[in-house]
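Listed below are the residues making up each chain.
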Amino acid sequence: MGVTVGDQILLHVEDEDVIAFMLETAISESDPQVRVCRVSDGEEALAFLHQTGKHSNAPRPDLILLDLGLPRRNGFEVLAEIQGNTGLRSLPVVVFSSSSLPSDRRKSLELGALDFITKRSSLQGMTEAIRQVCAYFPKHLT
């Protein structure tokens, strides 16, 4: 699970396998230098970020793509924990949700998310959304 020079690490926090597959396909087509690490619930996301349990050797992500409707701990709880931890607060987080509610967007941004992107149902739409997401990597790939 080594990372080559130039790789960007994207932590994708998503419980739906179809969405995760579409995202990984869209990433590989739009930016093959991005390595996707996926966890499927809020507790596992925090274990990954804190490098505990089975994630003790997890790489530090360059960007977190966070769903809101997660089992065990929802995206809002994960965002609040990230913002409340000085070691994690600097990590860029983009909420990637099926919700289009203005209140969910507002709350996500208030909790420190850089952006709120609504999931698309087609691969083409997902690829366009991924291009938006990749713009949030702290160092751009050439």
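Residues numbered from 1 in each chain as written. Predicted model: local features only at pLDDT ≥ 70, side-chain atom pairs only at ≥ 80, totals over all residues. Heavy atoms only, no water.

Novice: Talk me through the sheet that holds strand 5 (residues 115-118); I want residue IDs and the actual numbers.
Specialist: The five strands are arranged 2-1-3-4-5 in an open sheet whose pairing can be described as parallel. In this open sheet, the two edge strands, each paired with only one partner strand, are strand 2 (34-39) and strand 5. When the angles between neighbouring strand axes are averaged without regard to direction, this sheet yields 25°. As paired elements, strand 1 (residues 8-13) and strand 2 share six bridges and run parallel to each other. Within the sheet, the bridge partner assigned to Val 13 lies in strand 2 and is Val 39. The strands that helix 3 (residues 75-84) touches are strand 3 (63-66) and strand 4 (93-97); relative to strand 3, the one it contacts most, it runs at about 155°. Sheet strands touched by helix 4 (residues 102-110): strand 4 and strand 5. Its angle to strand 5, the strand with the most contacts, is close to 145°. (Pairing = 2+ DSSP bridges. Helix = DSSP H or I, 4+ residues; strand = E, 2+ residues; numbered from the N terminus. Axes fitted to C-alpha atoms, helices over the stretch in contact; angles between N-to-C directions. Contact = heavy atoms within 4.5 Å.)

Novice: Could you give me a rundown of the nonpolar core, with the residues and numbers involved?
Specialist: If you look at the biggest cluster of nonpolar residues, it comprises 24 residues, and the most contacted ones within it are Leu 11, Val 13, Leu 49, Ile 64, Leu 66 and Ile 82. Of all the secondary structure elements, the ones that give two or more residues to this core are strand 1, strand 2, helix 2 (42-50), strand 3, helix 3 and strand 4. Setting aside anything within four residues of it in sequence, one finds Ile 64 in contact with Leu 11, Val 13, Leu 49, Ile 82, Leu 91, Pro 92, Val 93 and Val 94. Counting 18 residues, the second-largest nonpolar core is a separate cluster that includes Phe 96, Ala 129, Ile 130 and Val 133. (Core = buried A, V, L, I, M, F, W, Y, C linked by side-chain atoms within 4.5 Å. Buried < 20%, exposed > 50% of the residue type's maximum accessible area, 1.4 Å probe, protein only.)

Novice: Could you give an account of the pattern of salt bridges, naming the residues involved and the relevant values?
Specialist: For the coordinates displayed, the defined rule picks out eight salt bridges. For Asp 41, the salt bridge identified is with Arg 72, shortest N-O distance 3.2 Å. Pair noted here: Asp 41 is in the loop between strand 2 and helix 2 and Arg 72 is in the loop between strand 3 and helix 3, with a separation of 31 residues, a long-range link. Where Lys 54 meets Glu 44, a salt bridge forms, and the shortest distance between an N and an O atom there is 3.4 Å. Taken together, the residues Lys 54 in the loop between helix 2 and strand 3 and Glu 44 in helix 2 connect sequence positions ten residues apart. In the salt-bridge network here, residues are joined through shared partners; they are Glu 14, Asp 67 and Lys 119. (Salt bridge = Lys/Arg side-chain N within 4 Å of Asp/Glu carboxyl O.)

Novice: Quick rundown of the side chain of Asp 62? Include the residues and the values.
Specialist: Locating Asp 62 in the fold gives a position in the loop between helix 2 and strand 3. For Asp 62, the side chain forms a polar contact with the main-chain nitrogen of Ile 9, separated by 2.7 Å. (Polar contact = N/O pair within 3.5 Å; in protein donor to acceptor, adjacent residues only side chain to side chain.)

Novice: Outline the confidence of the model for the protein, listing residues and values.
Specialist: Summarising the model, the protein shows a mean pLDDT of 87, and 92% of its residues fall at 70 or more. Least confident of the elements in the protein is helix 5 (residues 123-134), whose mean pLDDT is 78; most confident is helix 2, at 97. In this model residues 1-5 is a low-confidence stretch, pLDDT under 50, and it forms four contacts with partners more than four residues away in sequence or in other chains. (pLDDT = per-residue confidence, 0-100.)

Novice: Can you explain the packing of aromatic side chains? Please cite residues and give values.
Specialist: For the coordinates displayed, the defined rule picks out zero aromatic pairs. A cation over a ring is seen here: Lys 107 above Phe 76, with NZ or CZ 4.4 Å from the ring centre. (Phe/Tyr/Trp six-rings, centres within 6.5 Å; stacked < 30°, edge-to-face > 60°. Lys NZ or Arg CZ within 6 Å of the ring centre and 35° of its normal.)

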